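Overview (structure and organization)
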Amino acid sequence: MENLKSKEQLWSDFQHGSEQAFSVLYNTYFNLLYNYASKFTSDKDLIKDCIHDLFIRLWERRDTTKEVTSPKFYLLKAMRHSIFNALAEKKKLVHDEEHLAEDRFEFVLPHESLLISRQISKEQQEHIVRALNTLTDRQKEVIFLRFYNNLSYEEIAAVMDLHVDSCYNLVSKALGLLKKNIVKVGLCLMVINEIKLYFFLKDTV
């Protein structure tokens, strides 16, 4: 979990015009935002432009930006909105955000081993990928936000513009499907939690 006190102070310093705090925010969350946006598009330049524009808007509107307890949550929500708008403007994807999220959230398995502390065979890795591919893209996104980014269900609902009950249902169904498919290859759901869903990561730059 984020250190709320330090993050809140950092955000407060940024709001009061601290360029150092602004720089720390940018450097702290750039890779996170890039990684999230890359699930919706492979256009690296577009993603970087969106992040850059997002932080420019933050700086320009810092006096009117509300106080937040979790910059990570705030920035993920803003990034999702920004990347959807940018993709719609370029007509790379449909304009309907719900359809976009449902059809485009992608996972890329890293080239390195999934685990540091234990060995998983190539065949098992392939089974994991197939298990992930049984999920809808919206299920993938909610799992990514919940387990990789540690967002609360309320925060996920705000990011994805869903009801909280819908988030619970999406996570429950997704984990049920993963467990059903992964146990077939001798891996338990605990493994997923241990590695922080490492298979959701890919190179960021």
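Residues numbered from 1 in each chain as written. Predicted model: local features only at pLDDT ≥ 70, side-chain atom pairs only at ≥ 80, totals over all residues. Heavy atoms only, no water.

With that settled, the discussion passes to the packing of aromatic side chains. Inspection of every chain in the model, using the stated rule, returns 13 aromatic pairs. Ring centres 5.0 Å apart and planes at 55° place the aromatic pair F22 and W59 in the tilted group. With F22 in helix α2 (residues 19-37) and W59 in helix α3 (residues 44-60), the pair connects residues that are 37 residues apart, well separated along the chain. For W59, a relative accessible area of 22% gives the class partly exposed. Relative to Y168, the ring of Y153 lies with its centre 3.9 Å away and its plane at 20°, an arrangement referred to as stacked. Taken together, the residues span a long stretch of sequence, with Y153 in helix α8 (residues 153-160) and Y168 in helix α9 (residues 164-182) at a distance of 15 residues. Chaining the aromatic ring pairs together yields one cluster made of W11, F14, F22, Y26, F30, Y34, F55, W59 and Y74. The positively charged end of R62 is found above the aromatic ring belonging to W59, 4.0 Å away from the centroid. (Phe/Tyr/Trp six-rings, centres within 6.5 Å; stacked < 30°, edge-to-face > 60°. Helix = DSSP H or I, 4+ residues; strand = E, 2+ residues; numbered from the N terminus. Buried < 20%, exposed > 50% of the residue type's maximum accessible area, 1.4 Å probe, protein only. Lys NZ or Arg CZ within 6 Å of the ring centre and 35° of its normal.)

Looking now at the packing of helix α7 (residues 137-148) against α8. Packing of α7 against α8 leaves a shortest axis separation of 10 Å and a crossing angle of 135°. In terms of orientation, α7 lies oblique with respect to α8. Remark: the crossing between α7 and α8 carries right-handed chirality. From α7, R138, E141, V142, L145 and R146 reach across to α8, where they touch Y153, I156, V159 and M160. Taken together, the residues of the contact of α7 with α8 sort by class into six nonpolar, no polar and three charged. (Axes fitted to C-alpha atoms, helices over the stretch in contact; angles between N-to-C directions. Parallel < 35°, antiparallel > 145°, perpendicular 65-115°, else oblique. Left-handed = near helix turned anticlockwise from the far one by under 90°. Contact = heavy atoms within 4.5 Å. Nonpolar A, V, L, I, M, F, W, Y, C, P; charged D, E, K, R; others polar.)

This paragraph deals with the pattern of salt bridges. Inspection of the entire model under this criterion finds two salt bridges. In this structure, E141 and R80 form a salt bridge, with 2.7 Å as the shortest nitrogen-oxygen distance. In this pair, E141 is assigned in helix α7 and R80 in helix α4 (residues 71-89), connecting sequence segments 61 residues apart. The closest approach of N and O atoms between D137 and K140, which form a salt bridge, is 3.7 Å. Remark: K140 and D137 occur in helix α7; sequence separation between them is three residues, near one turn of the helix. With a relative accessible area of 7%, K140 lands in the buried category. (Salt bridge = Lys/Arg side-chain N within 4 Å of Asp/Glu carboxyl O.)

Let us look at unusual backbone geometry. Of all residues except glycine, most have a negative phi; of all peptide bonds, most are trans. Phi is positive for N150, which is not a glycine, with a value near 60°. Along the chain, the position of N150 falls in the loop between α7 and α8. For N150, a relative accessible area of 38% puts it in the partly exposed group. Of note in the backbone geometry, D161 takes a positive phi value of approximately 60° without being a glycine.

Let us look at the nonpolar core. One finds L33, I83 and L145 to be the most contacted residues of the largest nonpolar core, which totals 52 residues. The set of elements that each furnish at least two residues to this core consists of α1 (4-15), α2, α3, α4, α6 (122-132), α7, α8 and α9. Among the elements that take part in this core, α2 stands out by supplying 10 residues, more than any other. Ignoring sequence-local partners within four residues, the contact set of L33 consists of I51, L54, F55, L75, L76 and M79. (Core = buried A, V, L, I, M, F, W, Y, C linked by side-chain atoms within 4.5 Å.)

What follows concerns α3. With 17 residues, α3 should cover 24 Å at 1.5 Å per step; its first-to-last C-alpha distance of 24 Å lies within 8% of that length. Of the residues making up α3, those classed as buried are L46, I47, C50, I51, L54, F55 and L58. Buried residues of α3, seen end-on, are gathered within an arc of 165° and therefore sit on one face of the element. In this structure, α3 carries D45 and E60 as exposed residues pointing more than 90 degrees from its buried face. Structurally, the start of α3 carries an N-cap: the backbone nitrogen of D45 is 3.3 Å from a side-chain oxygen of D43. (Expected span 1.5 Å × (residues − 1). Arc of directions from axis to C-beta. Polar contact = N/O pair within 3.5 Å; in protein donor to acceptor, adjacent residues only side chain to side chain.)

Without other data, these values stay purely geometric and don't point to any function.
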